[in-house]
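Results of the structural survey
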Amino acid sequence: MTQRHRKSHGRRIEHPLRARKLGIDSHSEALVFLHRDSAVCRSEGFSAHNRILLCAGDRRIVATLYQVTDSIIGRNEAGLSDVAWERLGLSDGDEIEAVHPPPLDSLSLVRSRIYGNALDKQAFREIIGDIVAGDYSDIHIASFVTACATKPLDAAEVLSLTEAMVESGDRLSWNKDIVVDKHSVGGLPGNRTTPIVVAIMASLGLTMPKTSSRAITSPAGTADTMETLAPVDLDPEEIHRVVEQEGGCVVWGGAVNLSPADDILIRVERALDLDSEGQLIASVLSKKAAAGATHLVLDMPVGPTAKVRSTAAAMMLEKGLLAVAQSFGMRAVVVVSDGNQPVGHGIGPALEARDVLAVLNNHADAPTDLRDRALKLAGALLELANAAPEGHGIAVARSALQDGRAARKFEAICTAQGGRRTPPVSTHRRDIAATRSGRIDAIDNRKIAKLAKLAGAPEARAAGVEMHARLGDVATSGRALCTVHAETPGELDYALSYAAANADMFWIEDI
């Protein structure tokens, strides 16, 4: 942090306020609601959307002010959002103080970047430190994100931002010469290779402590899918126990404080629909460096409706990722993959978990594309870590999958994480049928993902979309292209209405 907060303990509070929890989820931005005619608003000159310092004993946070004009908040009360309440550690009726915060010096650095000036390592440290401390409003964060996107970060800035993000949180250490990891750049529904890759690598004696994210704008994150199979909210001590015992884990990264700035920045980037190359590199590699990875495989799907849409863009991103990874002492390899259509049969936490189990258990109906992707990534990682001869990584990975070692290791990991779970099953389903005959020429990843979300995924774990058609298939009118799964009739109807209005999510050409 670049500012020092005024202390209120040890002296009389001039305008004490009685704290009330309002039950408002404002994500990571602390909000406070004060009556416009309260004594503190009049004396301090507060107006709506000011940033104000809230003090409760030794605890203090900076919150965004919203003013109330009727009696829902009393003139001597302060209503707080959930995150503000938790950060101050309050109970109903506790007394707090509201005052002006000191100037936030790092905002001048953001303004400098807005005007096109490059930032150095110390500047990024100050900005990221204040963001993690909660001193930036969403507007401030949006300004920083935009400033880093309109004029792309240069190589030195990308490295400095990544280092600052790593330093903003904790780091895991493993006392191992080789710690393997993977990451998918994203944008491809159903691409749930992580649990399979972790099981293969751990079954072959490598160490793979995988911290994964929950969905932000997608129908499922790896942590959401894994949570239908085993607990994922493990603390650092529990993660170390599982990894020491089984060689790998698949846990939610939010339960450990690794690169905490990343989740804050991603949330604002998604709202702005901004995903600049420099920030993407810093996002990916700050988490991997903080997790203690030494060898990393990066899955980069490329397609017209994936996150990376062209070969040229993939080459630029690959160059940046490998350069920053090398700066952190990580050996990395990028695997460019087909991003033209969803992966597997299921999209949504439980449906994707079902695909994972089918691949691990070598079921005849297991999705071959998911299996092949997982084997390709595992093979590349085995060769990178010198655990398989060059050109033989996929064969070594396939052997561990086919003979059951990977499945047994996955079950052991689930047990160590707190016990194996059975993924839930949806209670409401409806097919979406082709309205004409012809060849399926395109599938829109983004629209399929939105359909799964409208059905309730990822919050409704059994909700999502089950795919029945692939690119190149010949569809006859009335054939089921996919099945929508939901947990309530209302969500099913909502998803079906979207599908009816967006029939081009499956583009069918005349033969």
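Presented here is a report on the structure given in the accompanying data block. Small disclaimer: the values here were computed from a predicted structure and weren't measured.

Calculation criteria
- Each chain carries its own residue numbering, running from 1 in the written order of its sequence.
- Two thresholds apply to this predicted model, a pLDDT of at least 70 for residue-level local features and 80 or more for giving and counting side-chain atom pairs, whereas whole-chain, interface and lining totals are computed over all residues.
- Water and hydrogen atoms play no part in the side-chain values, which are based on all heavy atoms of the structure.
- Under the DSSP-based scheme used, a helix requires at least four consecutive residues in state H or I and a strand at least two consecutive residues in state E, with every element numbered from the N terminus.
- Note on classification: 1.4 Å probe, protein chains only; a residue is buried when its accessible area is under 20% of the maximum for its type, exposed when over 50%, partly exposed between these limits.
- Every residue pair with non-hydrogen atoms within 4.5 Å of one another is taken to be in contact.
- Per-residue accessibility takes into account occlusion by the displayed protein chains alone, with areas from the Shrake-Rupley method and a 1.4 Å probe.
- By the counting rule applied here, Lys and Arg register as positive and Asp and Glu as negative, while His and the ends of each chain are not counted.
- Positions of charges follow a simple convention, taking NZ of Lys, CZ of Arg, CG of Asp or CD of Glu.
- Take the residue count of a helix, subtract one, and multiply by 1.5 Å to get its expected span.
- Following DSSP output, two strands are said to pair if at least two bridges run between them.
- All axes are obtained by fitting lines to C-alpha atoms, using only the stretch in contact for helices, and the reported angles, taken between N-to-C directions, cover 0 to 180 degrees.
- Each angle receives one of four descriptions, namely roughly parallel if under 35 degrees, roughly antiparallel if over 145, roughly perpendicular if within 65 to 115, and oblique otherwise.
- The crossing is said to be left-handed when, going from far helix to near helix, the turn is anticlockwise and less than a right angle, and right-handed when the turn is clockwise.
- All residues other than Ala, Val, Leu, Ile, Met, Phe, Trp, Tyr, Cys, Pro, Asp, Glu, Lys and Arg, Gly among them, are scored as polar; the first ten of these are nonpolar and the last four charged.
- Polar contacts here mean pairs of N or O atoms no more than 3.5 Å apart (in protein, one a potential hydrogen donor and the other a potential acceptor; neighbouring residues in sequence count only if both atoms are side-chain atoms).
- Classification of ring pairs uses Phe, Tyr and Trp, with its six-membered ring standing for Trp, and accepts pairs whose centres are within 6.5 Å; under 30 degrees between planes counts as stacked, over 60 as edge-to-face, and the remaining range as tilted.
- Orienting the strands away from the viewer, one traces the path from the first strand over the helix to the second; a clockwise path indicates a right-handed crossover.
- Definitions used for this entry: grid spacing 1 Å over protein atoms alone; cavity, a set of points where a 1.4 Å probe fits but cannot get out; pocket, an open set with protein on both sides within 12 Å along at least 5 of 7 lines; lining residue, one with an atom within 4 Å of a point.
- Grid points are joined across faces, edges and corners, and a volume is the space filled by probe spheres set on the points.

In this section: the overall build of the protein chain. The secondary structure content of the protein chain amounts to 18 helices and 18 strands. For the protein chain, the proportion of its 511 residues judged to be buried stands at 55%. Contacts spanning at least 24 positions in sequence make up 79% of the contacts within the protein chain whose residues lie at least 6 apart. Accessible surface computed for the protein chain: about 21,400 Å², of which carbon and sulfur atoms make up 49%. If the 56 positive side-chain charges of the protein chain are averaged to one point and the 65 negative ones to another, these points end up 0 Å apart.

Turning our attention to helix H14 (residues 368-384). Since the α-helix turns once every 3.6 residues, residues separated by three or four places project in the same direction. Under the 1.5 Å per step criterion, the end-to-end length of H14 is 24 Å for 17 residues, consistent within 8% with the ideal 24 Å. Counting buried positions along H14 yields twelve of 17 residues, so the element is predominantly enclosed. Among all positions of H14, only Asp369, Leu370, Arg373, Ala374, Leu375, Leu377, Ala378, Gly379, Ala380, Leu381, Leu382 and Leu384 are buried. Positive backbone phi, at 60°, marks Asn386, one or two positions downstream of H14.

Before going further, it helps to examine the environment of Gly438. Relative to the assigned elements, Gly438 resides in strand E14 (residues 438-443). Taking the C-alpha atoms as reference points, Gly438 and Ser477, 39 residues apart in sequence, are found 8.2 Å from one another.

Across the sheet, four strands lie side by side as E12-E15-E17-E13; this open sheet has antiparallel pairing. If you trace the sheet from one side to the other, it starts and ends with strand E12 (346-347) and strand E13 (428-433), each paired once. Contacts from helix H17 (residues 445-454) reach E12, E13, strand E15 (464-467) and strand E17 (480-486), with the element oriented near 130° to E15.

Judged by how many residues are buried, strand E4 (residues 59-68) sits mostly within the fold: seven of ten residues are covered. Here strand E3 (residues 51-56) folds back onto E4 in antiparallel fashion, the turn holding two residues, of which Gly57 has a positive phi close to 65°.

This part takes up the packing of helix H9 (residues 236-246) against helix H16 (residues 405-416). Running from N to C, H9 and H16 point in directions that differ by 150°, and their axes come no closer than 10 Å. With respect to H16, the axis of H9 lies roughly antiparallel. In the crossing of H9 with H16, the sense of the turn from one axis to the other is right-handed. For the pair formed by H9 and H16, the contact residues are Arg241, Val242, Gln245 and Glu246 on the first element and Lys409, Ala412, Ile413 and Ala416 on the second. Within the contact of H9 with H16, the residues separate by chemical class into four nonpolar, one polar and three charged.

Following the sequence through the fold, Ser212 ends up in strand E8 (residues 208-212). Ser212 gets classed as buried once you look at its relative accessible area, which sits at 5%. Polar side-chain contacts of Ser212 include one of 3.3 Å to the side chain of Lys210.

Attention now moves to the packing of aromatic side chains. Overall, the coordinates contain two aromatic pairs when judged by the stated rule. When the centroid spacing of 5.7 Å and the interplanar angle of 25° are considered together, the rings of Phe33 and Tyr66 count as stacked. Taken together, the residues Phe33 in strand E2 (residues 31-35) and Tyr66 in strand E4 connect sequence positions 33 residues apart. Judged by its relative accessible area of 15%, Phe33 falls in the buried class. Of the residues examined, Tyr66 reaches a relative accessible area of 33% and is grouped as partly exposed. Seen from their ring centres, Phe124 and Phe144 are 6.4 Å apart, and the 70° between their planes marks the pair as edge-to-face. On the criterion of sequence distance, the pair formed by Phe124 in helix H4 (residues 121-132) and Phe144 in helix H5 (residues 138-150) is long-range, its members being 20 residues apart. Of the residues examined, Phe124 reaches a relative accessible area of 0% and is grouped as buried.

Judged by how many residues are buried, helix H7 (residues 194-203) sits mostly within the fold: ten of ten residues are covered. Along H7, the residues that are buried comprise Thr194, Pro195, Ile196, Val197, Val198, Ala199, Ile200, Met201, Ala202 and Ser203. One or two residues past the end of H7 sits Gly205, with phi positive at roughly 90°.

We now examine the pairing of strand E11 (residues 331-338). Sheet analysis places strand E10 (residues 295-302) next to E11, joined by eight bridges and oriented parallel. Paired with His295 across the bridge in E11 is Arg331. You can see the chain leave E10, run along helix H12 (residues 311-327) and come back into E11, and the turn it takes is right-handed.

Pairing within the closed barrel is mixed, and its six strands lie in the order E1-E5-E2-E4-E3-E6. Adjacent strand axes in the sheet meet at a mean angle of 45° when their direction is disregarded.

By the definition in use, this model includes one cavity of 30 Å³ or more. Contributing to the lining of the largest cavity are 15 residues, with Ser28, Glu29, Ile131, Gly134 and Tyr136 lying nearest its centre. Put simply, the parts of the chain that give the lining of the largest cavity at least two residues each are H4, H5 and helix H10 (260-272). Considering only residue class, the lining of the largest cavity consists of seven nonpolar, three polar and five charged.

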